[in-house]
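Summary of the model geometry
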Amino acid sequence: MSASRTTVTSASRAAGPSAWLPVAPCTPQLCARHTGAVRAPLPAVLRLLAGCAWTLLGVACALPVRLLAAGPRGRLVRWWARCVPRAFGVRVTVRAHPYAEGTGGELVVANHVSWLDIPLVAAVLPGRMLAKSEVGRWPVLGRLAGLGSTLFIDRDRLRALPGAVDTVAGALRSGSRVVAFPEGSTWCGRGSGGVFRPAVFQAAIDAEVCVRPVRIAYRPTGAVAFVGNDPLAASLWRVVRAAGLAAEVEVLAPIPAGDFASTPPGGEPGRRGLARTAGAAVAGTYRTTTAPVAVVAQTAVASDSANRPAASVHH
């Protein structure tokens, strides 16, 4: 489980920027608005109840599922995660570049728009989520995160950064797949999004594993955006009220972290180069493979006009 939305406070502004706490310009007033078709209140309430019930079922079953072997456990997690956005009324398309799945650890990195990103990634590449320590204290979701072997980090103390990197590297060396949202905060999905922070990429370099970029896009974007100080209840209601929501998850080609292990004279540190390369892949400005994209799971395909990105509200 991950919840990396950042609320800017006077204290954080006074303390200056943090490696873990970047700030997005997105706000609920500007970004989290839906202007398209809407569901009637009764169907929306039924969607909300279905989505919450399915999520609570995941909480109830998390402990016994952990006792299963890796293969059956992974299939169950994928199935449960696939059903979460569908229960909330979101149609999902998954695309993946062909690749041979390895047996070792892997760092999965994705752009961050909504709380829906978490089940969307888990439906394709389930792994141990990287989340701020406060998430573990949340009711219901915190319990689900803990039972899912989430890696909790203290984002408020810069001195805790090396220890957090070591923790992630240790998980990767043990063969775990770790999922992170390196932008450090949710962005509304319009425009280019945030810059990938380099810290977590150092863990991939230290563990000598591959980085798997994942691109997440929503059409339309406004209803799903979970940004700024937007309350979770308001976001849930906005999602179930919006009709015709669609999400696309694109799993991109892996990037070997070992290629960035050394720093050339006068060059940028390897983790920064790796973060920049992965971020460019997710943004679509850097192609990591020329292999054709295969549609591996699809429940809806939007029209070409619906797939055109909206103009950014930040420019």
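Here the structure is a predicted model, which is why all the values come from computation and not from measurement. (Residues numbered from 1 in each chain as written. Predicted model: local features only at pLDDT ≥ 70, side-chain atom pairs only at ≥ 80, totals over all residues. Heavy atoms only, no water.)

**Quick look at helix α4 (residues 70–87)**
Taking 1.5 Å of rise per residue, the 18 residues of α4 would be expected to cover 26 Å, and the 26 Å separating its terminal C-alpha atoms lies within 8% of that figure. What α4 keeps buried is the set G74, W80, A81, C83, V84, P85 and A87. Just downstream of α4 lies G89, where phi reads positive at about 90°. (Helix = DSSP H or I, 4+ residues; strand = E, 2+ residues; numbered from the N terminus. Expected span 1.5 Å × (residues − 1). Buried < 20%, exposed > 50% of the residue type's maximum accessible area, 1.4 Å probe, protein only.)

**Focus: a nonpolar patch on the surface**
A surface patch of nonpolar side chains, about 490 Å² in accessible area, is lined by L42, V45, L46, L49 and W237. Of all the elements, helix α3 (residues 41–66) adds the most residues to the nonpolar patch, at 4 residues. As for its position among the elements, L46 is in helix α3. Judged by relative accessible area, L46 falls into the exposed class, the value being 52%. (Patch = residues over 30% accessible without salt bridge, like charges linked within 9 Å, V, L, I, M, F, W, Y side chains within 5 Å. Areas by Shrake-Rupley, 256 points an atom, 1.4 Å probe, with all protein chains shown as cover. Salt bridge = Lys/Arg side-chain N within 4 Å of Asp/Glu carboxyl O.)

**Some points on the environment of S185**
Residue placement: S185 occurs in the loop between β5 (177–180) and α8 (199–207). S185 gets classed as buried once you look at its relative accessible area, which sits at 4%.

**Concerning the pairing of strand β2 (residues 106–110)**
Most of β2 is tucked away: 5 of the 5 residues are buried. Of the two faces of β2, both are covered, the one formed by E106, V108 and A110 as well as the one formed by L107 and V109. Relative to β5, β2 runs parallel, the two sharing 4 bridges. Within β5, the residue paired with V108 across the bridge is V179. Of the pairings in the sheet, the one linking β2 to strand β6 (residues 210–219) comprises 5 bridges and is parallel in character. Across the sheet, the residue bridging to L107 is V211, located in β6. (Pairing = 2+ DSSP bridges.)

**Thoughts on the pairing of β6**
Here 2 bridges tie β6 to strand β8 (residues 255–256), and the two strands are oriented antiparallel to one another. Considered in β8, the bridge of V211 is made with I255. Sheet topology places β6 next to strand β7 (residues 246–251); 6 bridges connect them, and they run antiparallel. Bridged to R215 within β7 is E250.

**Structural notes on the packing of aromatic side chains**
The full count for this structure, using the stated rule, is 3 aromatic pairs. Residues W54 and W79 carry aromatic rings whose centres are separated by 5.3 Å and whose planes lie at 85° to one another, so their mutual orientation is edge-to-face. Within this pair, whereas W54 is found in helix α3, its partner W79 is found in helix α4, the two being separated by 25 residues in sequence. The class for W79 is partly exposed, based on a relative accessible area of 43%. Judged by centre distance (6.2 Å) and plane angle (20°), the ring pair of F196 and F201 falls under stacked. Overall, the relative accessible area of 0% leaves F201 in the buried class. (Phe/Tyr/Trp six-rings, centres within 6.5 Å; stacked < 30°, edge-to-face > 60°.)

**Some words on unusual backbone geometry**
Looking along the chain, the bond that leaves R219 and enters P220 is cis, with omega of -10°. Mapped onto the elements, P220 comes out in the loop between β6 and α9 (232–241). The phi dihedral of E208 falls on the positive side, at around 60°, and the residue is not glycine. Relative to the helices and strands, E208 resides in the loop between α8 and β6.

**What to know about the environment of A204**
Residue placement: A204 occurs in helix α8. Among the residues examined, A204 registers a relative accessible area of 0% and is labelled buried. Expressed as a C-alpha distance, the spacing of A204 and V168, which sit 36 residues apart in the sequence, is 8.1 Å. In this view, A204 contacts L107, L172, V209, V211 and A257; residues no more than four positions away in its chain are not counted. (Contact = heavy atoms within 4.5 Å.)

**Description of the pattern of salt bridges**
The tally for this structure, following the rule as stated, stands at 5 salt bridges. Notably, a salt bridge pairs R212 with E106, separated by 3.3 Å at the nearest N-O pair. In this pair, R212 sits in strand β6 while E106 sits in strand β2, placing the two residues 106 residues apart along the sequence. Among the residues examined, E106 registers a relative accessible area of 11% and is labelled buried. A salt bridge links D230 to R238; the shortest N-O distance between them is 2.6 Å. Across the pair, exposure class does not vary: D230 and R238 are buried alike. In this structure, a network of salt bridges that share partners links the residues E106, R177 and R212.

**As for the packing of α3 against α9**
At a minimum axis distance of 8 Å, the contact between α3 and α9 shows a crossing angle of 120°. Here α3 lies oblique to α9, going by the angle between them. As for the relative orientation of α3 and α9, their crossing is right-handed in sense. Note on element contacts: α9 touches α3 through L236, W237, V240 and R241, opposite P41, A44, V45, R47 and L48. (Axes fitted to C-alpha atoms, helices over the stretch in contact; angles between N-to-C directions. Parallel < 35°, antiparallel > 145°, perpendicular 65-115°, else oblique. Left-handed = near helix turned anticlockwise from the far one by under 90°.)

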